[in-house]
Amino acid sequence: PWSFIPAQLDVKVVPGETALSFFTATNKSDKAITGVATYNVHPPKVGLYFNKIQCFCFEEQRLLPGETVDMPVFFFIDPEIMDDPQLKHVNNVTLSYTFFQTDMDDEEDDDDDEEDEDEAA
């Protein structure tokens, strides 16, 4: 129910320097949805050198129906990557995310509805 796309397809990164990238998420459903993201770095060995400073993936994200938000990732690639002989040929790194819906929404929404009904009675 979410669309999730990078705001920019390419980010040039200098090892050791911080970089900022944005992803745009839209809840295309008619219900509020809370999700959590996991990330993947490819090639996998680059993951040893990929350091997130701030990321939307650190916390659950809640989007209301039809809501669109920009989600930032502040990161750097450790300059020691330059000394890794297995990665000398690597010029491109792919950062991807997978969102998983959490189960808390239905319970919270149901509880809220019950409380509202009790208060109205």
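These figures come from a predicted structure and were not determined experimentally.

Engineer: Where do I start with the sheet that holds strand S4 (residues 50-55) in this structure?
Structural biologist: Consider a sheet: its strands pair through backbone hydrogen bonds, and that pairing is either parallel or antiparallel. Strand order in this open sheet of four strands is S1-S2-S6-S4, and the pairing throughout is antiparallel. With partners counted over all chains shown, the strands left at the sheet margins are strand S1 (2-6) and S4, one partner each. Across the sheet, the axes of successive neighbouring strands diverge by a mean angle of 30°, strand direction being ignored. The sheet contact formed by strand S2 (residues 18-27) and strand S6 (residues 68-77) spans nine bridges and is antiparallel. Bridge pairing in S6 links Ser21 to Val73.

Engineer: Help me understand the packing of aromatic side chains in this model?
Structural biologist: Aromatic rings in a pair are described by how distant their centres are and how their planes are angled relative to each other. Counting across every chain of the model gives 12 aromatic pairs. Between Phe50 and Phe75, the ring centres sit 5.0 Å apart and the planes meet at 25°, which makes this aromatic pair stacked. On the criterion of sequence distance, the pair formed by Phe50 in strand S4 and Phe75 in strand S6 is long-range, its members being 25 residues apart. A relative accessible area of 7% means that Phe50 is categorised as buried. Here the aromatic rings of Phe56 and Phe99 are separated by 6.0 Å at their centres, their planes lie at 10°, and the arrangement is stacked. You can see Phe56 sitting in the loop between S4 and strand S5 (61-63) and its partner Phe99 sitting in strand S7 (residues 94-101), a full 43 residues away along the chain.

Engineer: Even after reading the chapter, I still don't get the nonpolar core, so can you show me in this structure?
Structural biologist: Generally speaking, a soluble globular protein has its nonpolar side chains buried in company with each other. Among the nonpolar cores identified, the biggest contains 23 residues, and Phe56, Val73 and Tyr97 are the most heavily contacted of them. Broken down by secondary-structure element, the contributors of at least two residues to this core are S2, strand S3 (33-42), S4, S6 and S7. Per-element accounting of this core gives the leading share, four residues, to S6.

Engineer: Before we go on, may I ask you to explain the sheet that holds S5 in this structure?
Structural biologist: One open sheet accounts for three strands, arranged S5-S3-S7; its pairing is antiparallel. Only two strands of the sheet have a single neighbouring strand rather than two, namely S5 and S7. The average undirected angle you get between the axes of adjacent strands in this sheet is 40°. The sheet contact formed by S3 and S5 spans three bridges and is antiparallel. For Gly35, the partnering residue across the bridge sits in S5 and is Gln61.

Each value, and the rule that gives it
Chains are numbered independently. Their residues run from 1 in the order of the written sequence. Only residues with pLDDT of 70 or above have their local features reported here, since the model is predicted, and side-chain atom pairs are shown and tallied only from 80 upward, although totals for entire chains, interfaces and linings are computed over all residues. Hydrogens and water are ignored here; the side-chain numbers use all heavy atoms of the structure. By the convention used here, strands pair only if DSSP detects at least 2 bridges between them. Numbered from the N terminus, helices here are DSSP runs of H or I no shorter than four residues, and strands are runs of E no shorter than two. Angles shown run from 0 to 180 degrees and are taken between the N-to-C directions of axes, each axis being a line fitted to C-alpha atoms and, for helices, limited to the stretch in contact. The criterion for an aromatic pair is that two Phe, Tyr or Trp rings (for Trp, the six-membered ring) have centres within 6.5 Å, with stacked assigned to planes under 30 degrees apart, edge-to-face to planes over 60 apart and tilted to the rest. When accessible area is computed with a 1.4 Å probe and restricted to protein chains, residues below 20% of their type maximum are described as buried, those above 50% as exposed, and intermediate ones as partly exposed. Residues belong to one nonpolar core when they are buried, are Ala, Val, Leu, Ile, Met, Phe, Trp, Tyr or Cys, and are joined through side-chain atoms within 4.5 Å.

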